[in-house]
Every structure is written in structure tokens, then in C-alpha cells.
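Letter by letter, the chains look like this.
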Amino acid sequence: MYTWQKKMDVYETYVLGDGSGTTYVEVVPDRGSIVSRYVYKGKDVFYLDEATLHDSSKNIRGGNPILFPISSYLTDESYTFEGKEYSMKQHGFARNLKGTVTEVRADEQSASLTLVMEDLEETLARYPFHFRLVMTYRLDAEGLQVEAQVENKDSKTMPFYLGYHPYFHVEDKTKLALDVPSASYSEMVEHSMEGGQFNLGQAESTVIFDELTKPFSVLHDVARGLKVTVRADEDFRHVVLWTLKDKPFVCVEPWMAPVDALNTGVGVQQLAPGESRRFVIGIQPELV
């Protein structure tokens, strides 16, 4: 029987579990509705820097931050809409919004939590659209399912591109195997690929892949015997790998669009007034 509970840490936290006590996720509504932890059969799937979770002045380094209404960065952190220039920082602002819990459930098949984030005066100054972002997290036999429903509550067509930034805990990067289904990529940090392999040995490495041939990527932490498959809808046309040499994580990030897309138009989703669309990714760990 799956379970859910609410606990008070520094922030109110919802815990969805499979009933075993060893497989669960934790969600923090006040911190961008983030899944801060994912533990599978006692092994950490996600990396988390606790200090960044507890300090609201910082972006959380860890868990699975939501990237909305953009992923990546804009040139000069700006874009123009209907002749007016707006400023937006890297990865948008959803990760800094508070989510409102609207439903939490658990039964023999799954445990799920639904949260809502909406436009505020501060978001309208950077993104002139009324929106509703409904996030549903479901833990079941297939792992963690992440569903986003994006709704345009405005009277004008709304551009956006969604992404995620899951930090996967890796015990020993020298025993890491990565499989991203594409041979087409661009280095976002120089020398991030060496001999066709993601470079884990320099201070920072970032690569964006496109022309994906399969809807999933695989990260295998050989040292812990943990393999994680990341699946995404076809709308997520890119996968980004990012790591820092001195930190025990590798990010495998599904993105809808590349760098600066709000300025270039490449990969941007367009929602008509009153329209909503649903997007799903899945994160499935297994012991191997």
C-alpha cells in the first residue's frame, strides 16, 4: 500500500512512499514545488545540497528543479515581446515560486501529489502572461512520473519552453556509464566532450544534445549498482548533461528548446488563449 504524509522540516514537506520505508520522494511546495529527494530501496537517486534547500535566497542545488517558462539562459538575460523588452534570469522563475497543494492521494497502485503555481505581480513584470502551472508527481511501480499541465489564462498567445534539472547522485564518477540517444551535440563549456565521451574530469562540463533517436536516456552508477532511466515526451527535444568535478552528481536534463530560444524562436511552444497542454517525464531507477 502506497502512503503519503506531511512533515515539518525547515519547510513543510510532503512525502510519497511505496509503504516499504525505503522508497520515497519528498516535495517542498514553498521551494518551487521541487522534488527535493528521491530514495529508491535505500539509495539516493537525487543529490541534494541541504544548505541551498533551506536558504530561500539561493537556488536549490539538487533534487529536480522545474525550469519554466524557459530553460537555459537568454542573451543579456533579456527578450522582446510586442516591442517591449523584458528581463529574465537563467531557467526562468518557477523554481522560486510557492506551490499550492490541491490534492494528495495514496492507494495500492501509487501515491500522488498535485500542486499549482500561478502568475504574480512579480512574474508579470518579467513575463507578461497570466498562466497556471499544475504539477503532479506520482510514485508507482514505474518510478517517479512528473506531469506538468501548462495553461494559458491570458488573452494573447503565450510562448514558453519547459525543462527539468534533475541532479543524480553518483558515488564514483570513474565508474559511471551514460547513454544519451544522440550523436549530435554542442559544447556549452569548452572541452566538455573528449573522445566522444562526456568529460567528467574538468572543473565544469556542459553539453546539449539534439536529434534524439529514442525517448529516454540512461545513467548507470556502477559503484552503487543503480541504473536510472529518464524518459520524456517528444516535446523534450534536447538532453543536457552538466556536472562539476568536485561534486557527486551528474545532471541529465530534458529540455524543450536550446539556449536563447525565446529570442530565436527555436523550439518554443505556443499556447493559444485558454489552451492547456500536458507534458510528462519519467524517472525510473533499478538495482543492477
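The structure this text deals with has already been given above.
This structure is a prediction, so every number in the text was calculated from the model and none was measured.

Caption draft 1: Looking closely at the overall build of the chain. Helix and strand counts for the chain come out as 3 helices and 26 strands. In terms of overall dimensions, the chain has C-alpha extents of about 55 × 45 × 35 Å along its principal axes. In the chain, buried positions account for 54% of the 288 residues. Entry remark: accessible area of the chain is about 12700 Å², with carbon and sulfur atoms responsible for 44%.

Caption draft 2: Seen up close, the packing of aromatic side chains. If you walk through the whole model with that rule in mind, you get 20 aromatic pairs. Pairing Y127 with F129 gives two aromatic rings, centres 4.8 Å apart and planes at 55 degrees, and the pair type is tilted. Residue F129 is classed as buried on the basis of its relative accessible area of 0%. For the ring pair Y164 and F236, a centre distance of 6.1 Å and an interplane angle of 40 degrees mean the geometry is tilted. You can see Y164 sitting in strand 14 (residues 163–164) and its partner F236 sitting in the loop between strand 22 (226–232) and strand 23 (238–244), a full 72 residues away along the chain. Aromatic ring contacts, followed pair by pair, group F68, F81, F93, Y127, F129, F131, F160 and F279 into a single cluster.

Caption draft 3: Highlighting the sheet that holds strand 16 (residues 176–179). If you walk across this open sheet you meet the 8 strands as 9-10-11-12-26-22-21-16, and the pairing is antiparallel. The outermost strands of the open sheet, each flanked by one partner alone, are strand 9 (100–106) and strand 16. With strand direction ignored, the average angle separating the axes of adjacent strands in the sheet is 10 degrees. Pairing of strand 21 (residues 216–221) with strand 22, which is carried by 6 bridges, proceeds in the antiparallel orientation. By the bridge assignment for strand 22, L219 is matched with V228.

Caption draft 4: Examining the pattern of salt bridges more closely. What the rule picks out here adds up to 16 salt bridges. As a salt-bridge pair, K7 and E26 come within 3.0 Å of each other at their nearest N and O atoms. Note that K7 is positioned in strand 1 (residues 3–8) and E26 in strand 3 (residues 24–28), a separation of 19 residues in sequence. Note on K7: relative accessible area 32%, which makes it partly exposed. Across the pair K89 and E77 runs a salt bridge whose closest N-O atoms are separated by 3.7 Å. With a gap of 12 residues between them, K89 in the loop between strand 8 (84–87) and strand 9 and E77 in the loop between strand 6 (66–67) and strand 7 (78–81) connect regions that are remote in the sequence. For E77, a relative accessible area of 34% translates into the label partly exposed. Three or more residues joined by partner-sharing salt bridges are found here, namely K7, E26, R37 and E50.

Caption draft 5: Main features of the sheet that holds strand 3. Ordered in space as 1-2-3-4-5, the 5 strands form an open sheet in which the pairing is antiparallel. Bordering the open sheet on either side are strand 1 and strand 5 (43–44), each of which pairs with just one other strand. In this structure, strand 1 lies alongside strand 2 (residues 12–17), joined through 6 bridges in antiparallel fashion. When the sheet's bridge partners are listed, Q5 is paired in strand 2 with V15.

Caption draft 6: Examining the side chain of S205 more closely. Inspection of the secondary structure puts S205 in strand 20 (residues 204–210). In this structure the side chain of S205 is engaged in a polar contact, spanning 2.6 Å, whose partner is the backbone oxygen of N199. A polar side-chain atom of S205 sits 3.1 Å from a polar atom in the side chain of Q202.

Caption draft 7: How the structure looks around the nonpolar core. One finds I66 and L133 to be the most contacted residues of the largest nonpolar core, which totals 69 residues. For L133, the contacting residues outside a window of four places in its chain are I66, F68, A94, L115, V116, M117, A148, Q149 and V150.

Caption draft 8: Fine view of unusual backbone geometry. Following F68, the chain continues to P69 via a peptide bond in cis, the omega torsion being 5 degrees. If you trace the backbone, P69 turns up in the loop between strand 6 and strand 7. Here S72, not a glycine, exhibits a phi torsion of approximately 65 degrees, which is positive. Checked against the element boundaries, S72 lands in the loop between strand 6 and strand 7. One non-glycine residue, H191, lies in positive phi territory at about 65 degrees. One can find H191 in the loop between strand 17 (184–187) and strand 18 (193–194). For H191, a relative accessible area of 41% puts it in the partly exposed group.

Each value, and the rule that gives it
- Residues numbered from 1 in each chain as written.
- Predicted model: local features only at pLDDT ≥ 70, side-chain atom pairs only at ≥ 80, totals over all residues.
- Heavy atoms only, no water.
- Helix = DSSP H or I, 4+ residues; strand = E, 2+ residues; numbered from the N terminus.
- Buried < 20%, exposed > 50% of the residue type's maximum accessible area, 1.4 Å probe, protein only.
- Areas by Shrake-Rupley, 256 points an atom, 1.4 Å probe, with all protein chains shown as cover.
- Phe/Tyr/Trp six-rings, centres within 6.5 Å; stacked < 30°, edge-to-face > 60°.
- Pairing = 2+ DSSP bridges.
- Axes fitted to C-alpha atoms, helices over the stretch in contact; angles between N-to-C directions.
- Salt bridge = Lys/Arg side-chain N within 4 Å of Asp/Glu carboxyl O.
- Polar contact = N/O pair within 3.5 Å; in protein donor to acceptor, adjacent residues only side chain to side chain.
- Core = buried A, V, L, I, M, F, W, Y, C linked by side-chain atoms within 4.5 Å.
- Contact = heavy atoms within 4.5 Å.

Fair warning: the whole summary comes from geometry, so function is off the table for now.
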